Amino acid sequence: MRLQRAALEVADIFCAHGPAWRRAQAGHLSLGQLKVMSAIERCRTAALGGHVARCEKCEHTRIAYNSCRNRHCPKCQGAAAREWLADREAELLAVAYYHVVFTLPAPIAVIAYQNKAQIYAILFKAAAETLITIAADPRHLGARIGLTAVLHTWGSALTHHPHLHCIVPGGGLSPDGKRWISCRPGFFLPVRVLSRLFRRLFLDKLAAAHDAGRLHFFGDHAALAERRAFAAYLAPLRNIEWVVYAKRPFAGPQAVLAYLSRYTHRVAIANSRLIAFDDNAVTFKWKDYRAKGLQRHKVMTLAHGEFIRRFLIHVLPGGFHRIRHYGLLANGGRAENIARARELLAVSPTQSAPADANADEPLMLSQPCPCCGGRMIIIETFERGATPRTRPSSPIRIDTS
């Protein structure tokens, strides 16, 4: 059972056209893609169970079905993003932060789709090694830096466009760990130098993966399994400029969090971009970054099968981490390195709010009552496929938090 909502969702398109499309594509979809479709279709429906909440003041009652918690679901990233951001906020340093984007050339993106785990991992390693190596060079910064990298595989039109967003503090620890070395105001590292090292590192790692037999090719690219053919395919890419884009520094650490809240747990398309769909097509908003001003904002209409196909090409391999930390921010020594950096910057650590949980208190929802603003208390939970005993107040709406 699916309840009426105020806006169009990817789930609506999947529920209406997914079954027929899956039958037409039988044998051509991965298990991961099938699981994502199933999760999105069942998300926040009775199929996953849920709970009933009632306001302490006005007794307004509503049913909220459980989330699928799939990382590709447009409805399930808000809570995960808030929790992740709370952890990152406690690690912010009182320095300028920079945003560097590494983009794979189109010929690499084409073969990356057939080798997601291998080539996306190489993208992470090459980009992180590039930043850390250039920053450590005394001719540039001469410091040990840290960074957080976030993988995006899509363009605004849902095309396959793998690129990495890196958020980097504007400085690092000296080699002996006794000083904090800041970069020049408004300038982090030279983009052309980053681009050329990134190109070399990526291609070297890609060739090594091919030599080790870790890459696989199908269809029109099957011939690339042969070593000489693959080397010839890569040769032109060694002589072109690879896109590494360094954006202007963020306006303070809090602006970093605002950016991360929009990007870390983003999926290929948000429900808010959907405009309409019918038996033939899906219409959605997109940005053409080659255009300027208001001409950048456009509308695209795709056959629903093509829309589903484009959405699913961005499903990541199981267990693949799309957010990673390197250098000073690597998981192993992050706490110690941040404490040392704060000591050198003469900044006290961020204090987290103390927990004030009482095991005897009833479970509450984070959102207040939509009618009077009172506390919403969970009065009933129900299992997958079950029907709640308590009737909700009218109208029925799904909690989209």
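What counts, and where the lines are drawn
- Residues numbered from 1 in each chain as written.
- Predicted model: local features only at pLDDT ≥ 70, side-chain atom pairs only at ≥ 80, totals over all residues.
- Heavy atoms only, no water.
- Core = buried A, V, L, I, M, F, W, Y, C linked by side-chain atoms within 4.5 Å.
- Buried < 20%, exposed > 50% of the residue type's maximum accessible area, 1.4 Å probe, protein only.
- Helix = DSSP H or I, 4+ residues; strand = E, 2+ residues; numbered from the N terminus.
- Contact = heavy atoms within 4.5 Å.
- 1 Å grid on protein atoms, 1.4 Å probe; cavity = no way out; pocket = protein on both sides within 12 Å on 5 of 7 lines; lining within 4 Å.
- Points joined across faces, edges and corners; volume = space filled by probe spheres on them.
- Nonpolar A, V, L, I, M, F, W, Y, C, P; charged D, E, K, R; others polar.

Student: Can you lay out the nonpolar core for me, pointing to particular residues and giving the numbers?
Tutor: Among the nonpolar cores identified, the biggest contains 51 residues, and Phe-102, Ile-108, Leu-131, Phe-188, Phe-198, Phe-202 and Leu-206 are the most heavily contacted of them. Among the secondary structure elements, those contributing two or more residues to this core are β3 (97–103), α4 (106–112), α5 (116–136), β4 (146–154), β5 (160–169), α6 (191–211) and α7 (227–234). In terms of residue count, the dominant contributor to this core is α5 (12 residues). With near-sequence residues (within four places) excluded, Phe-102 lies in contact with Leu-123, Ala-127, Thr-130, Leu-131, His-163, Leu-164, Cys-166, Phe-198, Val-243 and Val-244. Phe-14, Leu-29, Ile-269 and Phe-307 belong to the second largest nonpolar core, which has 32 residues in total.

Student: With reference to specific residues and values, describe the layout of surface pockets.
Tutor: Each pocket or cavity is described by its volume, and for the largest pocket that value is around 1,500 Å³. Taken together, the elements giving at least two residues each to the lining of the largest pocket come down to α3 (78–89), β3, β4, β5, α8 (253–263), β10 (281–287) and β11 (297–303). The element best represented in the lining of the largest pocket is β5, accounting for four residues. Of the residues assigned to the lining of the largest pocket, the class counts are 14 nonpolar, 16 polar and 11 charged.

Student: Lay out empty space enclosed by the protein with the relevant residues and their values.
Tutor: If you walk through the whole model with that rule in mind, you get three cavities of 30 Å³ or more. Roughly 170 Å³ of internal volume is contained in the largest cavity. Along the walls of the largest cavity sit 14 residues, with Arg-88, Leu-92, Tyr-97, Thr-148 and Leu-329 positioned nearest its centre. Elements that contribute at least two residues to the lining of the largest cavity include exactly β5 and α8. Per-element accounting of the lining of the largest cavity gives the leading share, three residues, to α8. When grouped by side-chain class, the residues that make up the lining of the largest cavity number nine nonpolar, two polar and three charged. By volume, the second largest cavity is sized at about 120 Å³. As for the second largest cavity, its lining consists of Arg-71, His-72, Thr-153, Trp-154, Arg-266, Val-267, Ala-268, Phe-311, His-314, Leu-316 and Arg-322. Within the lining of the second largest cavity, the residues separate by chemical class into five nonpolar, three polar and three charged.

Student: Outline the side chain of Arg-88, supporting the account with residue identities and numerical values.
Tutor: Along the polypeptide, Arg-88 turns up in helix α3. By relative accessible area, Arg-88 is classed as buried at 11%. Those residues within four positions of Arg-88 in sequence are excluded, and the remaining contacts are Leu-257, His-325 and Arg-334.

Structural measurements only, silent on function.
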